[in-house]
Amino acid sequence: MTTNAFAQNMERKDVPEKLKWDNTLLYKNINEWQKNRTAIEQQIEKLNSFKGKMCDSAESFYSALRLYFDIYKNYYKLSDYAFRNADEDIRIGANQSVNQQATTLGTHFGEVSSFINPEILKVGEERIKKFFDEKKELSEFKFFVNDILRLKEHTLTEREEQILAGAGAISSTMNEVHAIFDNAEKPNAKVKLSTGEEVELSSAAYSKYRAVPDREDREKVMSAMLDNYKKFQNTYGANLAGKVRADYFYAKNRNYKTVLEQSLNANKIPVTVYENLVEQIHKNLPTMHRFLKLKARMLGVDQLYYYDLYAPMVKDVEFKYTVEEGQKLLLDVFEPMGDEYVSTVKKSFDERWIDYVATAGKRSGAYSSGAAYDYHPYILMNWTDDFESVSTLAHELGHTMHSYFSNKHQPFVDAQYATFVAEIASTINENLLNNFMVKNVKTDDEKLYLLGEYLDLLRATIFRQVSFAEFEWEIHKKVEAGEPLTGVDMSKIYYGIVKKYYGHDEGVCIVPDYVAYEWAYIHHFVNYTYYVYQYSTSLIYATALAEKIVKEGQPAIDKYYSILNGGSSDYPIELIKKAGLDPLSSEAFDLTIAKMNGVMNQIDEILNKKK
Ligand SMILES: [Zn+2]
């Protein structure tokens, strides 16, 4: 376990400038920010005057779009600054209220600009084509406009759209019910650990105690937690079924056959990508089972159980990194990516793009924001002098490089990348860091630690998330087929999937019956629709691309820049194809699974040598 050297007791004013981000690049002070806010308000009024007239001529069509995206860009900068300021110290009320002013302006902007899509659809493709021929400058907005036209058959009349929008307030109820019941009103299970300590199993306590080294304790913790969910499976089930039916209500009314089709079509992702993901993971379950057997060996148990999954395989190795040491390490790690990449990362260190130190009142966690299009991305960190900090910085730098290069190469309208490709750059960086570390650490224990952590990441992010994706798919299929769906049905479906993934019947990992209720604990099912599969696809594509970069060098890097520079200039599937992978083939999976087996070979070798 690592401790936070700064322990959040440092005050922001005591942090050296070079470890703080430089916000003054966006606005010198809050007065300047307020001036800009007023200017944006006036721009929005001007945009409003295009309502009903936007498509009168090519000229007005262009002027309206030009203004719309100028406001958008300006607004992004405005809200980016407000967020950065508020996150520095969330206790400062004045900064929170500035943030709220930005949000209010954003809502107003959204309302005013809501005429744009319907007017484009109303005037129709033919007229729009003429506009593009007439006014060359319009080509900048071609992808944006064509995407609106693409969704024509799924866009309804103005009145119908209003009704659907209004229904949103009702269909979000399931989300609220889950949050309130799961976090506050549900009585938590309590367990007494072998140390004599009595623990109440909140979500956070559960994550912590299911990973304890004492086997009996972690068994007790997991069974108590999940058996507690069994008591409420009908309530959780009715709530989740309501959410799935709401999903289907929208899909049907928007002329889709299934919710899956609707969710994926937003980014023009074919349903076959999802089908291929599940099929490929099924095919590769033997590799997952090999990992589970290896885990049993490393834990020193004869038979692995589901409650052993979170137990640490290797003693935690202490890697110590100050910010400066972390920076130096990462510059070496990214060397295979070429000069431009490394020099840009160096710029982010030297020109204060990053806020490192955990200070009193600062927002926790880490993120990258690339919203200030004409400037540079910002990264928030809470550095704790350990390897985790370096790894988090590598991850966030991936997002930052993606934003930086996309902002540099695309017009604003095409610069923001889609969620489907969002985690590729970040996890490629994590892959490169892991490769570098494994090659350069000195002891076997350090190597085992890094390799073990890596495999755990693949299990949790690829295999576990696809099992979730499969569950989500199955419960939607039931509703779409007009079949009843209860909590008991969900437990049956979930248990079947988990047993298959973990090789229960083959005796690879025994899945106790209380695991059937785990679905109720996973809030993603209520909060999102067909979202989690992107965690797996991102990591699979990233692992495959990192393997190509290691093996092929420059040609693979050049192709990878199609994603880094690409923003949303094309659909995510097309960008991935340009980067050298076909999401419909098995190539990315084959490379990832080969990498996973290679890592397991390395671990076997070290363990055999040790014995
Ligand atoms: Zn990320």
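Residues numbered from 1 in each chain as written. Predicted model: local features only at pLDDT ≥ 70, side-chain atom pairs only at ≥ 80, totals over all residues. Heavy atoms only, no water.

**Q** Can you walk me through the overall build of the protein chain in this structure?
**A** What the protein chain contains, in helices and strands, is 25 helices and seven strands. In terms of overall dimensions, the protein chain is globule-like: its C-alpha atoms have a radius of gyration of 26 Å, near the 25 Å expected for 611 residues. Taken over the C-alpha atoms alone, the protein chain extends approximately 80 × 60 × 50 Å along its principal axes. Within the protein chain, the proportion of its 611 residues that are buried is 56%. Contacts in the protein chain between residues at least 24 apart in sequence constitute 77% of all its contacts with a sequence separation of at least 6. (Helix = DSSP H or I, 4+ residues; strand = E, 2+ residues; numbered from the N terminus. Rg over C-alpha atoms; globule rule 2.2 N^0.38 Å. Buried < 20%, exposed > 50% of the residue type's maximum accessible area, 1.4 Å probe, protein only. Contact = heavy atoms within 4.5 Å.)

**Q** Explain the domain arrangement of the protein chain here, please?
**A** By a frequent convention, interface size equals the accessible area lost on bringing the separate parts together. Here the protein chain is partitioned into domain 1 (14–155) and domain 2 (232–253 + 256–318 + 400–611). Its C-alpha centre places domain 1 at a distance of 34 Å from the equivalent point of domain 2. Listed by partner, the interface residues are twelve residues for domain 1 and 14 residues for domain 2. Counting the surface lost from both domain 1 and domain 2, the interface buries some 1100 Å², and carbon and sulfur atoms represent 65% of this. Considering only the surface of domain 1 that becomes buried against domain 2, Phe143, Arg150 and His154 emerge as the three largest contributors, covering 51% of it. There are zero salt bridges connecting domain 1 and domain 2. Taken together, the links from domain 1 to domain 2 amount to four residue pairs in polar contact (both at pLDDT 80 or more). Looking at the side of domain 1 that touches domain 2, the elements with two or more residues in it are helix H2 (58–88) and helix H5 (142–150). Among the residues making up the side of domain 1 that touches domain 2, the classes are represented as seven nonpolar, one polar and four charged. (Domains from an automatic or database assignment. Buried area = accessible area lost by both parts, 1.4 Å probe. Salt bridge = Lys/Arg side-chain N within 4 Å of Asp/Glu carboxyl O. Polar contact = N/O pair within 3.5 Å; in protein donor to acceptor, adjacent residues only side chain to side chain. Nonpolar A, V, L, I, M, F, W, Y, C, P; charged D, E, K, R; others polar.)

**Q** Explanation requested: the confidence of the model for the protein chain in the structure shown.
**A** Should pLDDT be low for a region, the predicted coordinates there are not to be read in detail. When pLDDT is averaged across the protein chain, the result is 94; 99% of the residues are at 70 or more. Note on residues 1–7: pLDDT is under 50 here. Beyond four places in sequence and across chains, it has twelve contacts. (pLDDT = per-residue confidence, 0-100.)

**Q** I would appreciate a short explanation of the packing of aromatic side chains in the present structure.
**A** The geometry of an aromatic ring pair is captured by two quantities: the separation of the ring centres and the angle between the planes. Counted according to the given criterion, the structure contains 45 aromatic pairs. Ring plane angle 50° and centroid distance 4.8 Å describe the contact between Phe143 and Tyr571, whose orientation is recorded as tilted. Here Phe143 is found in helix H5, whereas its partner Tyr571 is found in the loop between helix H23 (554–564) and helix H24 (572–578), with 428 residues between them in sequence. Look at Phe143 and you get partly exposed, because its relative accessible area is 22%. An angle of 85° between the planes, with centres 5.4 Å apart, marks the rings of Tyr274 and Tyr530 as edge-to-face. Here the residue Tyr274 occupies a position in helix H12 (residues 271–283), and Tyr530 occupies one in the loop between helix H21 (524–527) and helix H22 (533–552), the gap between them amounting to 256 residues. Across the pair, Tyr530 and Tyr274 agree in class, each one buried. For Lys77, the ring lying beneath its charged end belongs to Tyr27, and the centroid distance is 4.4 Å. (Phe/Tyr/Trp six-rings, centres within 6.5 Å; stacked < 30°, edge-to-face > 60°. Lys NZ or Arg CZ within 6 Å of the ring centre and 35° of its normal.)

**Q** Is there a simple way to think about the coordination of the zinc ion in this case?
**A** Under perfect tetrahedral coordination by four donors, a metal shows angles of 109.5 degrees; under perfect octahedral coordination by six donors, it shows angles of 90 or 180 degrees. Coordination sphere of the zinc ion, protein contribution only: His395 (NE2), His399 (NE2), Glu423 (OE) and Glu423 (OE), at 2.1 to 2.5 Å. Here the zinc ion is ringed by four donor atoms whose angles at the metal span 53 to 139°, and the overall shape comes out irregular. The sequence motif formed by the donor residues of the zinc ion is H-x3-H-x23-E. Taken as a pair, His395 and His399 lie in helix H16 (residues 387–409) at a separation of four residues, close to a single helical turn. Pair check on accessibility: His395 and His399 agree, each one buried. (Donors = N, O, S within 2.8 Å, 3.2 Å for Na, K, Ca; no water. Tetrahedral: all angles 85-135°; square planar, octahedral: opposite > 155°, others 65-115°.)

**Q** Would you explain helix H19 (residues 444–480) in this entry?
**A** An α-helix turns once per 3.6 residues; consequently, residues spaced three or four apart project the same way. Given a rise of 1.5 Å per residue, 37 residues ought to cover 54 Å, and the 52 Å separating the end C-alpha atoms of H19 matches this to within 8%. Maximal helix bending in H19 amounts to about 25°, located at Arg459. Of all the 37 residues making up H19, 28 are buried; the element is thus mostly covered by neighbouring parts of the structure. (Expected span 1.5 Å × (residues − 1). Bend = angle between axes of the 7 residues up to and from the residue.)

**Q** Even after reading the chapter, I still don't get the side chain of Asn265, so can you show me in this structure?
**A** On the secondary structure map, Asn265 appears in helix H11 (residues 259–265). The residues touching Asn265, leaving out its near neighbours within four places in the chain, are Arg150, Leu151, His154 and Tyr256.

**Q** Is there a simple way to think about the environment of Val599 in this case?
**A** One can find Val599 in helix H25 (residues 587–610). Exposure remark for Val599: the relative accessible area of 4% places this residue in the buried category. Taking the C-alpha atoms as reference points, Val599 and Met222, 377 residues apart in sequence, are found 29 Å from one another. Not counting residues within four places of it along the chain, the set of residues in contact with Val599 comprises Leu451, Tyr454 and Leu455.

**Q** Is there a simple way to think about the environment of Tyr501 in this case?
**A** Relative to the assigned elements, Tyr501 resides in helix H20 (residues 487–501). On the accessibility criterion, Tyr501 (1% relative accessible area) is buried. Counting along the chain gives 34 residues from Tyr501 to Ser467, while the straight-line C-alpha distance between them is 7.2 Å. Those residues in contact with Tyr501 that lie beyond four places of it in its chain are Ile281, His282, Leu285, Met288, His289, Phe463, Val466, Ser467 and Glu470.

**Q** Is there a simple way to explain the pattern of salt bridges in this structure?
**A** A pair can form between side chains of opposite charge whenever their charged atoms are brought close. Overall, the coordinates contain 38 salt bridges when judged by the stated rule. Arg91 serves as the salt-bridge partner of Glu11, at 4.0 Å between the closest nitrogen and oxygen. You can see Glu11 sitting in the segment before helix H1 (30–48) and its partner Arg91 sitting in the loop between H2 and helix H3 (93–112), a full 80 residues away along the chain. Overall, Glu11 belongs to the partly exposed group, its relative accessible area being 33%.

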